[in-house]
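# Commentary on secondary and tertiary structure
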Amino acid sequence: MSAVVTAVAQKPIVLGVLGSGKGSNCRALIETIQAGHLNARVGIVISDVPEAGILELADKHGIPAFHIPPGRFRTKFEPERERMVVEALQTYGVELVVLAGWMRMIKSTMLNAFPRRIINVHPSLLPKYPGLRAWEQALLARERITGCTVHFVDEGMDTGEIIAQQTVPIVDGDTANNLHARIQAAEHALVPQVVQWFAEGRVA
Ligand code: GAR
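Residues numbered from 1 in each chain as written. Predicted model: local features only at pLDDT ≥ 70, side-chain atom pairs only at ≥ 80, totals over all residues. Heavy atoms only, no water.

### Digging into the overall build of the chain
In terms of regular secondary structure, the chain is built from six helices and seven strands. Going from the N terminus to the C terminus, the chain shows its helices and strands as β-α-β-α-β-α-β-α-β-α-β-β-α. Taken over C-alpha atoms, the radius of gyration comes to 18 Å for the chain, in line with the 17 Å a tight globule of 204 residues would show. C-alpha extents for the chain along the principal axes are approximately 65 × 45 × 30 Å. (Helix = DSSP H or I, 4+ residues; strand = E, 2+ residues; numbered from the N terminus. Rg over C-alpha atoms; globule rule 2.2 N^0.38 Å.)

Dropping the structure here:
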């Protein structure tokens, strides 16, 4: 008698995507899912910026999208507001939180609710050039190679454990804008790749 192998389709991992900007990384996730290369579903999108493109993108794709005002702080959410973010993520069954251009620090309310389940994409080869406009920092430092990093989020700024990186060359005559575009193209492949590792249980 021959062995019968039953392929059991894995349930898609449910993502909560947080972003403050135009949402090109969120778009890359959606398109990779639609292409059948990523076993995930974007369950909710949240932004701290009411006019952020990422909210419009989510709307266009029928994904629940919410603006949650951060409160009185400039670099993080007030704890009460961060609790609202957590509640929204939990309401939509989120299993993995993806910070895709999220420009605020994450604090204990969220970290405790999603232990080792919050990842961030950053446009440099961390630990080099954390913080704002990392591609410009690399350009000004006359680097020949930069790149992007996907890492676990902790309380620090771009300091969490690194999961994956992709290098990107800096070429003569590069401007900040075209370098950032080249880095973003690398991010659009790296982020879905890392999320797929989570979906397959390959990142613990
Ligand atoms: C991305 O390049 C991401 O690496 C960066 O913001 C951009 C968001 O673009 N994040 C940071 O700098 C965080 N420190 P997107 O809105 O088009 O995805």
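Structure's up, so let's keep going.
### Description of the pattern of salt bridges
Counting across every chain of the model gives ten salt bridges. With a shortest N-O distance of 3.0 Å, R116 and E161 are connected by a salt bridge. Note that R116 is positioned in the loop between α4 (108-113) and β5 (118-122) and E161 in the loop between β6 (145-152) and β7 (162-169), a separation of 45 residues in sequence. Accessibility expressed as a relative area gives 40% for R116, which makes it partly exposed. In this structure E161 comes out as partly exposed when scored by relative accessible area, which is 45%. In this structure, D174 engages R182 in a salt bridge whose closest nitrogen and oxygen atoms are separated by 2.7 Å. (Salt bridge = Lys/Arg side-chain N within 4 Å of Asp/Glu carboxyl O. Buried < 20%, exposed > 50% of the residue type's maximum accessible area, 1.4 Å probe, protein only.)

### Points about the pairing of β5
Successive side chains on a regular strand alternate, one facing one side of the sheet and the next facing the other. Of all the five residues making up β5, five are buried; the element is thus mostly covered by neighbouring parts of the structure. Neither face of β5 is exposed, since I118, N120 and H122 on one face and I119 and V121 on the opposite face are all buried. Of the strand pairs in this sheet, strand β4 (residues 96-99) and β5 are connected by three bridges, and their pairing is parallel. Within β5, the position partnered with L99 by the bridge is N120. The β-α-β motif built from β4, the intervening α4 and the parallel element β5 has right-handed crossover chirality. The sheet contact formed by β5 and β6 spans four bridges and is antiparallel. Counted as the bridge partner of H122 is T149 from β6. (Pairing = 2+ DSSP bridges. Right-handed = clockwise from strand over helix to strand, strands pointing away.)

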